[in-house]
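# Structure at a glance
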Amino acid sequence: MKKQIQIEDRMFGQSAEFENIRRNAKIIAAADVTVLIQGESGSGKELMAEFLHASSRRHDNEMVTINCAALPENLAESELFGHRKGSFTDASSDQPGRIQQADKGTLFLDEIGELPLAVQGKLLRFLENGECQRIGDNKPHKVDVRIIAATNRDLQQEVKAGRFREDLYYRLNVVPLQVPALRERSSDITFLINQFSALFARKHCLDAPRYNMKALEACQRYNWPGNIRELKNFCERMVILMSGQTIGESNLPAEIYQQQQAASFSLPDSGIVLEKLEAELIHQAMDKSRGNQSKAARLLGLTRSALLYRMKKYALKL
Ligand SMILES: Nc1ncnc2c1ncn2[C@@H]1O[C@H](COP(=O)(O)OP(=O)(O)OP(=O)(O)O)[C@@H](O)[C@H]1O
Ligand SMILES: [Mg+2]
């Protein structure tokens, strides 16, 4: 359990939302089932996969990560399943595949939404029977892995668009785990800033800066489209630039500060029709994001489900 303790120390969060996720993750980790982690870019999906592995009974064995976005279609089969020497022109020696390397451990399929369609079928076959056949072998062999997949795409949407196989989607989505966007747990922001500031102050042998109330409030209101990754990088920058000093609103980067000004809207004397304005803003957000609902939700500071609810309410085209 040493690994779990190490990773719990690295996975910060104390809001009710995060405690809930952590509790669920521990239950799911113990069950040795396939998990599909979904969440926006930078929200902590990979860290969550490490947490699941470290909290599982497989923690003494390896977690092998395959970045599906970096898997060229022509090499994917050999990379995943391995090959025998001479089975194709460049096969100069026997190579085990990545799947086999994960035997008795966890196979983390990162960015699964990017997996080329042709490879999706091959992966599905493996997931159905647990058998892995190297290119050039005439017999498959059993591999015992636990699958964790992650994506920042809306896989259901990808299925609808014909870019992701429906059967593979169901095979992966046995237990879904949604990592919330940072703006959906903004009560964690002050805590995270303190943790990251202390961490980077230690790393750079500097004194951590202090944030005044106005600066903290601005950080809490900001959307953080890059989620925890953006907050973490921001904290490192602030430790370096403002070591030992007090950070006020004017020391914040433009995107955080300007967002505050853009957010202030003054009601005209003639009044408005709130519902009409809301429908219009949703329209504009969908246009700006070229129909991508997750992006549109981000522009409006909403969760995707809250956006869908409102679109239904105003009978806007889904
Ligand atoms: N709860 C957390 N506590 C501390 N650090 C975190 C937390 N969640 C994420 N991080 C850090 O934020 C960064 C981004 O996290 P991670 O790579 O897991 O995100 P991701 O969802 O996989 O992103 P992407 O979609 O871009 O692949 C990493 O440096 C990670 O260590
Ligand atoms: Mg990732």
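Residues numbered from 1 in each chain as written. Chains lettered and ligands numbered in written order. Predicted model: local features only at pLDDT ≥ 70, side-chain atom pairs only at ≥ 80, totals over all residues.

### Let's talk about the pairing of strand E1 (residues 35–38)
Put simply, the rule reads: Three classes are used. A residue is buried when 20 or more other C-beta atoms lie within 10 Å of its own, exposed when 12 or fewer do, and partly exposed in between, with C-beta atoms placed from the backbone. A helix here means a DSSP run of H or I that spans at least four residues, while a strand means a run of E at least two residues long, and both kinds are numbered starting from the N terminus. In this description, strands pair whenever DSSP reports at least two bridges between them.
Side chains Val-35 and Ile-37 of E1 all project onto a buried face; the interleaved residues Leu-36 and Gln-38 project onto the opposite face, where all are buried too. With 4 bridges connecting them, E1 and strand E9 (residues 175–178) associate as parallel partners. Across the sheet, residue Leu-36 finds its bridge partner in E9, namely Pro-176.

### Examining the environment of Lys-122
If you trace the backbone, Lys-122 turns up in helix H6 (residues 117–129). On the neighbour-count criterion, Lys-122 (15 C-beta atoms within 10 Å) is partly exposed. C-alpha separation for the pair Lys-122 and Phe-81, spaced 41 residues apart in sequence, amounts to 9.5 Å.

### Brief notes about helix H4 (residues 73–81)
Note the cut-off: In this description, one arc is meant: the one made by directions from the helix axis to the C-beta atoms. Here, residue contact means that the backbone-derived C-beta atoms of the two residues sit within 7 Å.
Turning to H4, its buried residues are Glu-77, Leu-80 and Phe-81. Axial view of H4: buried residues confined to an arc of 85 degrees, hence all on one face. Exposed and oriented more than 90 degrees from the buried face of H4 are Asn-74 and Leu-75. In this structure, the buried residues of H4 make contact with strand E3 (82–83), helix H5 (98–101), H6 and strand E6 (131–132). Just past H4, the residue Gly-82 takes up positive phi, approximately 85 degrees.

### Considering the site of ligand 1
Applied cut-off: Proximity of a residue to a molecule or strand is defined by its backbone-placed C-beta atom lying within 6 Å of that partner. Amino acids are sorted into nonpolar (Ala, Val, Leu, Ile, Met, Phe, Trp, Tyr, Cys and Pro), charged (Asp, Glu, Lys and Arg) and polar (every other residue, Gly among them).
Taken together, 16 residues surround ligand 1, and among them Phe-12, Gly-44, Lys-45, Glu-46 and Leu-47 come closest. Sorting the residues of the shell around ligand 1 by element identifies helix H3 (45–54) and helix H11 (227–242) as the ones contributing at least two each. Among the residues forming the shell around ligand 1, the class breakdown is 4 nonpolar, 7 polar and 5 charged.

### A closer look at the nonpolar core
Applicable threshold: Joining buried Ala, Val, Leu, Ile, Met, Phe, Trp, Tyr and Cys residues through C-beta atoms within 7 Å gives a set, and that set is a nonpolar core.
Formed by 39 residues in total, the largest nonpolar core has its most connected members in Ile-37, Leu-52, Ile-99, Leu-107, Leu-109, Ile-148 and Ala-149. By size, the runner-up hydrophobic cluster in this structure holds 21 residues, among which are Leu-192, Ile-193, Ile-228 and Leu-231.

### Considerations on helix H9 (residues 189–204)
As a reminder of what qualifies: For a helix, the expected span equals 1.5 Å multiplied by the residue count minus one.
Under the 1.5 Å per step criterion, the end-to-end length of H9 is 22 Å for 16 residues, consistent within 8% with the ideal 22 Å. Of the residues making up H9, those classed as buried are Ile-189, Leu-192, Ile-193, Phe-196, Ser-197 and Phe-200. Along the long axis of H9, the arc covered by the buried residues comes to 130 degrees, so they all point the same way. Just downstream of H9 lies Cys-205, where phi reads positive at about 50 degrees.

### Topic: unusual backbone geometry
Only a minority of non-glycine residues have a phi that is not negative, and only a minority of peptide bonds are not trans. Non-glycine residue Trp-224 carries a positive phi angle of around 45 degrees. In this structure, Trp-224 sits in the loop between helix H10 (213–221) and H11. Located in the positive-phi region is Asn-227, a residue other than glycine, with phi close to 55 degrees. Of note, Asn-227 is situated in helix H11.

### Points about the packing of H4 against H6
Where we set the bar: Lines are fitted to the C-alpha atoms to define the axes, a helix being fitted only along its stretch in contact, and any angle between axes, read from their N-to-C directions, falls within 0 to 180 degrees. In what follows, roughly perpendicular refers to angles from 65 to 115 degrees, roughly parallel to angles under 35, roughly antiparallel to angles over 145, and oblique to any angle outside these ranges. Should the near helix be turned counterclockwise from the far one by less than a right angle, the crossing is left-handed, whereas a clockwise turn marks it as right-handed.
Running from amino to carboxyl end, H4 crosses H6 at an angle of 20 degrees, the nearest separation of the two axes being 9 Å. In terms of orientation, H4 and H6 fall into the roughly parallel class. Note on packing geometry: the crossing formed by H4 with H6 is right-handed. Residues Glu-73, Ala-76, Glu-77 and Leu-80 of H4 lie in contact with H6, whose contacting residues are Ala-118, Val-119, Lys-122 and Leu-123. Its residues assigned to classes, the contact of H4 with H6 comprises 5 nonpolar, no polar and 3 charged.

### Re the domain arrangement of the chain
Quick reminder of the rule: Domain ranges listed in this record stem from an automatic or a database domain assignment.
Once the domains are mapped, the chain shows domain 1 (2–178), domain 2 (182–263) and domain 3 (274–313). The C-alpha-based centres of domain 2 and domain 3 are spaced at 27 Å.

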